[in-house]
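The residues making up each chain are set out below.
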Amino acid sequence: KKLGVALVGLGSYSTYQLAPALVQTEHCYLAGIVTGTKEKEAAWANKYNIPKKNIYNYENFDAIANNDDIDIVYVVLPNSMHADFSIRAAKAGKHVICEKPMAVSVEECDAIMAACKKADVKLSVGYRMQSDPYTQEVKKYVREKTFGDVHFVSSDAAYISRGNPDQWRLNKKLSGGGALLNMGVYAIQTSIYGVGENPTSVSAQEFSTRPEYFKDTDETITAQFTFNNGAVAHMMTSHNANGNRLKVHCSNGWFELDPAHNYGPINGRTSKGNTISFPHQSQQALQMDDFARHILLGAKNVAPGEMGKRDMIIAEAIYASITNGGKTQPLNLGTMGIVG
Ligand code: NAD
């Protein structure tokens, strides 16, 4: 059986990445849509052969509970709406994929996880990189010490934001935060799987290089992490610089991905003169099939809710450090959200 997915929010990520990926997936398909824009209904219905009964708006969404065609609800809305729709999806008895960042606070992450637990549905965060073969390769190098012990990890996740300065990503009420919550979560993730464990502390700095445009949200943030195994990591995230890179410096060499976390193709090379290269596949198709296999076959959940919550704990600690003049914030994460 192929599981039916309903996309909630038909913006650019749903339109250009998720819906096309759902044509390629083996274990799930696009069965329904939830949109606040009436005009999108017919176009999507025609393009993806979606029956009228599987089309919802934000008001009648809860009736999805009675629709057996829909197994998974995928929330692809502005960040401040993730918790509300994920919780409503769980209450409707549907498995949930919630886009990154999981929510706009740790408290909201807890509420989503509690709702999914109560409804006995599965929950995953839209961390497409966790399903990408390059990420598996990085994890393998770190685990097997291919280049020795990891000493230092550097990651950048940034782009130059242009266009309407009032877009939701730059509006704190809708986004919950700027570059850090949008792109920074990738650098938080690479810092963690680049070292192979969760950080024990973080200190952070915020910079503003285009204040007239970024009035409401963080533009550029750097942060440094310490780890129990002695490694350190440095990350940069920005809405006013380009950067898409992971470099892992080890006792016997290094390896890097550049670009590291775009939709692909990704590129890697190592100090041994090798390239790291895998055939390009849709990360979104791999991600949704991974989640479907988790539901159907009990395969591991590669991006569980607790991973999204962990990253939100770290993001809140980064903001707290900035508020406190760069003061080091201890992190008590244990193995939370680590998936081998
Ligand atoms: P978008 O602006 O293109 O689309 C947002 C959608 O939400 C639109 O359909 C819009 O109509 C709808 N919406 C409902 N209420 C709204 C409101 N009050 N204000 C603005 N829009 C509203 O955004 P997007 O790029 O599709 O991002 C959506 C989510 O997906 C975000 O959480 C983002 O972080 C995530 N995302 C993830 C990836 C990834 O690689 N995993 C990539 C892009 C976006």
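For the structure itself, look to the data block above.
For clarity, every value in this text was computed on a predicted model and none was experimentally measured. (Residues numbered from 1 in each chain as written. Predicted model: local features only at pLDDT ≥ 70, side-chain atom pairs only at ≥ 80, totals over all residues.)

### Some details on the overall build of the chain
Piece 1. A count of helical and extended segments in the chain gives 9 helices and 15 strands.
Piece 2. Its C-alpha atoms give the chain a radius of gyration of 20 Å, near enough to 20 Å, the size a compact globule of 340 residues would have.
Piece 3. Along the first, second and third principal axes, the C-alpha set of the chain runs to 60 × 45 × 35 Å.
Piece 4. A total of 340 residues make up the chain; the buried ones form 50% of that total.
Piece 5. Across the chain, every contact between residues at least 6 apart in sequence was considered, and the portion connecting residues at least 24 apart equals 69%. (Helix = DSSP H or I, 4+ residues; strand = E, 2+ residues; numbered from the N terminus. Rg over C-alpha atoms; globule rule 2.2 N^0.38 Å. Buried ≥ 20, exposed ≤ 12 C-beta atoms within 10 Å, placed from the backbone. Contact = placed C-beta atoms within 7 Å.)

### Focus on the sheet that holds strand S11 (residues 240-250)
Hydrogen bonds between backbone atoms are what pair the strands of a sheet, whose relative direction is either parallel or antiparallel.
Piece 1. Strand order in the open sheet formed by 9 strands is S14-S13-S12-S11-S7-S10-S9-S8-S15, with mixed pairing between adjacent strands. Either end of the sheet is taken by a strand with one partner, and the two such strands are strand S14 (275-276) and strand S15 (329-330).
Piece 2. Taken together, the 2 bridges between strand S8 (residues 199-207) and S15 define a ladder with antiparallel strand orientation. What sits directly across from Val202, in S15, is Gln329.
Piece 3. On the sheet, helix H9 (residues 305-323) packs against S8, strand S9 (220-227) and S15 and is oriented at approximately 55° with respect to S8. (Pairing = 2+ DSSP bridges. Axes fitted to C-alpha atoms, helices over the stretch in contact; angles between N-to-C directions.)

### Quick look at the site of the ligand
Piece 1. The immediate surroundings of the ligand are formed by 19 residues, with Gly9, Gly11, Ser12, Tyr13 and Glu99 found nearest.
Piece 2. Ranked by the residues each element gives to the shell around the ligand, the list is headed by helix H1 (residues 12-24), at 3 residues.
Piece 3. For the shell around the ligand, a count of residues per class yields 7 nonpolar, 9 polar and 3 charged.
Piece 4. When we break the shell around the ligand down by domain, the ones giving at least three residues each are domain 1 (3-126) and domain 2 (129-278 + 304-330). (Near = placed C-beta within 6 Å. Nonpolar A, V, L, I, M, F, W, Y, C, P; charged D, E, K, R; others polar. Domains from an automatic or database assignment.)

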